[in-house]
Amino acid sequence: FVEIYNAGAAPVCDLSAFTIVGAGSGAANVDLPAVALASNDFFIVEESGTVTSADAAHSFVASGMNLRNAGEVLRLCPVATAGDATTCDVANPTGNGWFAGSNSVPKTTMERTALATDGSQPTSWQNGAPSSPGTASFAGTPGDTSTCP
């Protein structure tokens, strides 16, 4: 899953103005639905609908989403300028292994250490908690700011 957080003071009125570049199967982008995102609110984009979210109205199943365990370039971009990486927020700009998280047991998610950090830097990311997908307690940390500094 990918979690989007609006850290701004104003709402984002229409998430469909944004796309996730690099999260789709092959070279496809994952276009976001036309929903609003309030200030300090979360939105979850997931492949299968199995991520536990506090508010089902703030989640979207993107059947074409396919994040590689080995890593890839992942960007959140305005649709109008998706081809210009300088207008995007990026995680893992080299496309090599993910900066944090693990697909090995115990599995962990990758989460931003602080909202104001540069997502292209490895120090901007940490292992999420809890770990161990497949157990009743695992859902990464969607919508939970308790692990953020």
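Up top is the structure.
About the cut-offs
What you see as residue numbers is a count from 1 along each chain, following the sequence as written. Where local features are concerned, this predicted model is filtered to residues with pLDDT of at least 70; where side-chain atom pairs are given and counted, the filter is 80 or more; whole-chain, interface and lining totals use all residues. With hydrogens and water stripped out, all remaining heavy atoms of the structure feed into the side-chain values. Nonpolar core, defined: a set of buried Ala, Val, Leu, Ile, Met, Phe, Trp, Tyr and Cys residues in which side-chain atoms within 4.5 Å join the residues together. Exposed residues in this analysis have more than 50% of their type's maximum accessible area, buried residues have under 20%, and partly exposed residues fall in between, with area computed by a 1.4 Å probe over protein chains only. Under the scheme used here, helices are H or I runs from DSSP no shorter than 4 residues and strands are E runs no shorter than 2 residues, and both carry numbers assigned from the N terminus. In short, DSSP must find at least two bridges between two strands for them to pair.

Q: Now, about the nonpolar core: what can you tell me, with residues and values included?
A: Judged by nonpolar contacts, the single largest core of 13 residues is most densely connected at Ile-4, Ile-20, Val-30, Val-45 and Met-65. When residues of this core are traced back to their parent elements, those giving at least two are strand 1 (2–6) and strand 4 (41–46).

Q: If you had to explain the sheet that holds strand 2 (residues 18–21) to someone new, which residues and values would you point to?
A: Taken together, the 4 strands give an open sheet; going across it, the order is 3-2-6-7, and neighbouring strands pair in antiparallel fashion. Strand pairing shows two members of the sheet lacking a second neighbour, strand 3 (30–31) and strand 7 (89–91), which therefore form its edges. Alignment of strand 6 (residues 74–78) against strand 7, held across 3 bridges, turns out to be antiparallel. Within the sheet, the bridge partner assigned to Arg-75 lies in strand 7 and is Val-90.

Q: If you had to explain the pairing of strand 2 to someone new, which residues and values would you point to?
A: Bridging between strand 2 and strand 6 involves 4 bridges; their strand directions are antiparallel. In the sheet register, Val-21 faces strand 6, and the bridge partner there is Arg-75. Where strand 2 lies against strand 3, 2 bridges are found, and the strand directions are antiparallel. If you follow Thr-19 over to strand 3, its bridge partner there is Asp-31.

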